[in-house]
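# What the coordinates show
Chain by chain, the residues run as shown.
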Amino acid sequence: MEGIKSLVLTAVVLLVISTDPTTSEEQSADEIVKKIENDFWRWRLQDAPEFASQVGDTSYNDILESFNVSVYQTRKDKVSEFMDRLGEVNSSSLSTGGAVDFVLLSRHLQTFLDGAAFDMYQAVNPVNFMEGVTADPGGFQLYLTFSTIDDFHNYTQRLSLLPKQIDEKIELMRISIKLRHTLHNVSVEGVLPQIDQILSVDDTQSPFYVPAFTTKLNESDVSDDIKETVRTRALAALGHVKEALRRLKTFLEDEYMPNTRTTWGVGGLANGTALYEQCLRYHTSTDMTPQQVHDLGLSEMARIQTNMQAALDRLGVNGTLQEFYKSVRRDPHFYKNTSEELLQMFEDYIAEASSKLSSLFKNIPDYPLRVLPLPYDGPNLYQSGSQDGTVPGTFYANVMNPASSPTISMMSLTLHETLPGHHLQTIYSFTANLPPYRAFTDNSNYYRMPATFPINTAYIEGWGLYAEFLGEEMGVYTDDYMLMGRYSDEIFRAVRLVVDTGLHYFGWERQRAIEFMLNNTAKSRQTAEMEINRYLTWPGQATAYKIGEIKLRDLRNKATAALGDHFDIRDFHSLILENGKMPLDLLEQLVDEWIASHPTSGGTWLSGAWWSKPLLWSTLVCWSVKELSGQFF
């Protein structure tokens, strides 16, 4: 890193003085950075073939990612190699855009290396109740195309390799047992019924088989005389997958679960406090301490409770917030009878939100969106579609338990996951001129964090929570009960700051965290228990929502105050979304430069990618000073 420190500082000085943007030397330096960037991306796709399929690269559709522990060191060596190559770049010859690419890629790689110091903790526990083929077996074929015979051969080959991948995961978890770095029982006990469900289904109805070898094969270009052979091979491969899943279940029951950690949070592990602090840095892209995160949650709770009390006063409701929550849980008016009714309600809310986007956004990309039931009892989630639009963005809604799903929060949930939340956020990045490692997010392996590449959780989830706030300006909360649902979801995110740090840093018991959530949100006990299990499985992840949303609202307030009547909310939102995900400090630099370059400030804000703006200089100065002082931000 020393070479990069000195080179970046030199780049700052020379760029601020003068750089001729047309010299061949500069072109050469830019081309070197772009070459490193492209080589990194190609390696990433080869190293993570399922992710390659997700982003539309079919080159590796017949292989699966290796989970052999040796790969962990191989990845660190490879990332260090890319860092060394960046260190050899003559950064004083970089253009503005090249220098920003240089800085962002350096930080992307360094985040991985910082987290890799903890790759023998969470990352050796690749099985939990919220992710992977046991939780969502249908996702194994989601991003694959099925048209030619090669497409079906490739998928069958992946099925044939899946048992090896499962066995490699078992061996990783044996390492976890040996190191005493296992998850808690609550993170894995839900996997057992998931495996049972997969095994109980007839092979021709298996989520690994349908729809690839049913509907897709029937609609494909494969000749009829070959289709039966294709199905026979697939069923043979599926038989081996089921055998591997049985081995996994036996391992979990006989070896892993008897050795799961005895403390609820990771703070009880050897070096667990340092692990949790790194998780917070990874997810929030800040240097906030656990105490600061905890205190922020408490202060946000108090602020939101004031808004909630005002809404209750307007409703004429007497009593405490807890009494209001209890009345909602008992009132059948706030529930639907069936899963189908809940899904239709989500569809209706998406249509309503879509009709009102134009007042807050411009140049809205047109990409498909659908709502499907979540295949397991877990948190609602959004999964991005493909860049070419062939795979729709999907909101997976947990509609398994209508009797415990109050509808007053459904509008805010819809806004968060779809429009103007994660779906809008994703499709803007699809159409922006961004390097692919920034445009696409591999968020399929949350268990690895912080020992993986950054996904900028605070930017992503902060936007989702900010989208819930935008619902007030869009006028979609049509009464104070719906507004209470929105406030309830907001305070739920504030509560997360308190319980996540409580569990992993302050030594809270699980039951204390559950009761704290029940006492301060409208969540049912079943939902609260599921949420706490999630936080225990993914330390730090749940803190990013509120921290990111607060930053977005602060930046908006700053821009509004600086620009006055010249502030255009649609331009502000374009600035945030078209430049893609990034750490919060760089996001603030971006907004500051936008304000400074606005015509009212004596500058001119040209349209186009932000890396062509003066942000480079302030970013490089900030980056250099912090890196030189040992605080890589």
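## Examining the overall build of the protein
Along the backbone of the protein there are 25 helices and three strands. When the 633 residues of the protein are sorted by exposure, 58% land in the buried category. Residue pairs in contact within the protein that sit at least 24 positions apart in sequence constitute 79% of those at least 6 positions apart. When the accessible surface of the protein is summed, it comes to about 24,500 Å², and 50% of that surface belongs to carbon and sulfur atoms. Positive and negative charge centroids in the protein, built from 54 and 81 side chains respectively, lie 3 Å apart.

## A word on the packing of helix α19 (residues 480-504) against helix α21 (residues 525-537)
Their axes nearest at 10 Å, the elements α19 and α21 cross at an angle of 55°. Looking at the two axes, α19 sits oblique to α21. In the packing of α19 onto α21, the handedness of the crossing is right-handed. From α19, F492, R496, V499, D500, L503 and H504 reach across to α21, where they touch E531, I532, R534, Y535 and L536. Residues that form the contact of α19 with α21 fall into these classes: six nonpolar, one polar and four charged.

## Some details on the packing of α19 against helix α22 (residues 544-563)
α22 packs onto α19 with a crossing angle of 115° between their chain directions and a minimal axis gap of 8 Å. Every residue of α22 that contacts α19 at R486, E490, R493, A494, R496 and L497 is listed here: Y545, K546, I547, E549 and R553. Partitioned by chemical class, the residues of the contact of α19 with α22 number four nonpolar, no polar and seven charged.

## Observations regarding helix α18 (residues 457-474)
Across its 18 residues, α18 extends 25 Å between first and last C-alpha, which sits within 8% of the 26 Å expected from 1.5 Å per residue. Along α18, the helix axis deviates most sharply at E468, where the bend reaches about 25°. Counting buried positions along α18 yields 16 of 18 residues, so the element is predominantly enclosed. The first or second residue beyond α18 is G475, which carries a positive phi of 75°.

## Notes on the side chain of D442
With respect to the element layout, D442 can be found in the loop between α17 (436-439) and α18. Exposure remark for D442: the relative accessible area of 16% places this residue in the buried category. Within the structure, D442 has its side chain in polar contact with the side chain of R44 (distance 3.4 Å). At 2.7 Å, the side chain of D442 and the side chain of S444 are in polar contact. In this view, D442 contacts R44, A48, F51 and I455; residues no more than four positions away in its chain are not counted.

## Focus: the sheet that holds strand β2 (residues 381-383)
One open sheet accounts for three strands, arranged β1-β3-β2; its pairing is mixed. Looking at which strands have only one partner, the edges of the open sheet turn out to be β1 (369-373) and β2. Here the strands of the sheet are splayed against their neighbours by 25° on average, with no regard to which way each runs. Pairing of β1 with strand β3 (residues 393-397), which is carried by five bridges, proceeds in the parallel orientation. Across the sheet, the residue bridging to V371 is F395, located in β3.

## Concerning the pattern of salt bridges
Under the criterion given, the structure shown has 39 salt bridges. A salt bridge links D39 to R42, with the nearest nitrogen and oxygen atoms 2.3 Å apart. Placement of both D39 and R42 in helix α2 (residues 24-47) is noted, with a separation of three residues, approximately one turn of the helix. Note on D39: relative accessible area 13%, which makes it buried. Its salt-bridge partner being D224, residue K227 comes within 3.1 Å of it at the nearest N-O pair. Of the two residues, K227 and D224 are both situated in helix α10 (residues 224-256); the distance of three residues between them amounts to about one turn of the helix. According to the relative accessible area criterion, D224 is exposed, its value standing at 61%. Each of E300, R303, E472, R486, E490, K546, E549 and R553 takes part in one network of salt bridges that share partners.

Criteria and cut-off values
For every chain, the first residue of its written sequence is number 1, and the numbers climb from 1 along that sequence. The predicted nature of this model means local features are confined to residues of pLDDT at least 70 and side-chain atom pairs, given and counted, to a pLDDT of 80 or more, with totals for whole chains, interfaces and linings taken over all residues. Neither water nor hydrogens contribute to the side-chain values; these are computed over all heavy atoms in the structure. Secondary structure elements are defined from DSSP: runs of H or I of at least 4 residues count as helices, runs of E of at least 2 residues count as strands, and each element is numbered from the N terminus. Remark: exposure states derive from per-residue accessible area (1.4 Å probe, protein chains only) relative to the maximum for the residue type, with buried under 20%, exposed over 50%, and partly exposed in between. Residue contacts are defined here by distance: any two heavy atoms, one from each residue, within 4.5 Å place the two residues in contact. Each accessible area value is a Shrake-Rupley result obtained with a 1.4 Å probe; residue values ignore everything except the protein chains displayed when judging cover. A residue counts as positive if it is Lys or Arg and as negative if it is Asp or Glu; His and the chain ends are not included. Charge positions come from single atoms, namely NZ of Lys, CZ of Arg, CG of Asp or CD of Glu. Lines fitted to C-alpha atoms define the axes here, with helix axes fitted over just the stretch in contact, and angles between the N-to-C directions of these axes take values from 0 to 180 degrees. Orientation categories follow fixed angle ranges, with anything under 35 degrees roughly parallel, anything over 145 roughly antiparallel, 65 to 115 roughly perpendicular, and all other angles oblique. What makes a crossing left-handed is the near helix being turned counterclockwise from the far one by less than a right angle; a clockwise turn instead makes it right-handed. Gly is put with the polar residues, along with every residue not named as nonpolar or charged; the nonpolar set is Ala, Val, Leu, Ile, Met, Phe, Trp, Tyr, Cys and Pro, and the charged set is Asp, Glu, Lys and Arg. Given the number of residues in a helix, its expected span is that number minus one, multiplied by 1.5 Å. Two axes enter the bend calculation: one fitted to the seven residues ending at the residue in question, the other to the seven starting there, and the bend is the angle between them. By the criterion applied in these results, polar contacts are pairs of N or O atoms within 3.5 Å in which, for protein atoms, one can donate a hydrogen and the other can accept it, and in which residues neighboring in sequence qualify only through two side-chain atoms. When DSSP finds two or more bridges between two strands, those strands count as paired. Think of a salt bridge as a Lys or Arg side-chain nitrogen and an Asp or Glu carboxyl oxygen that are within 4 Å of each other.

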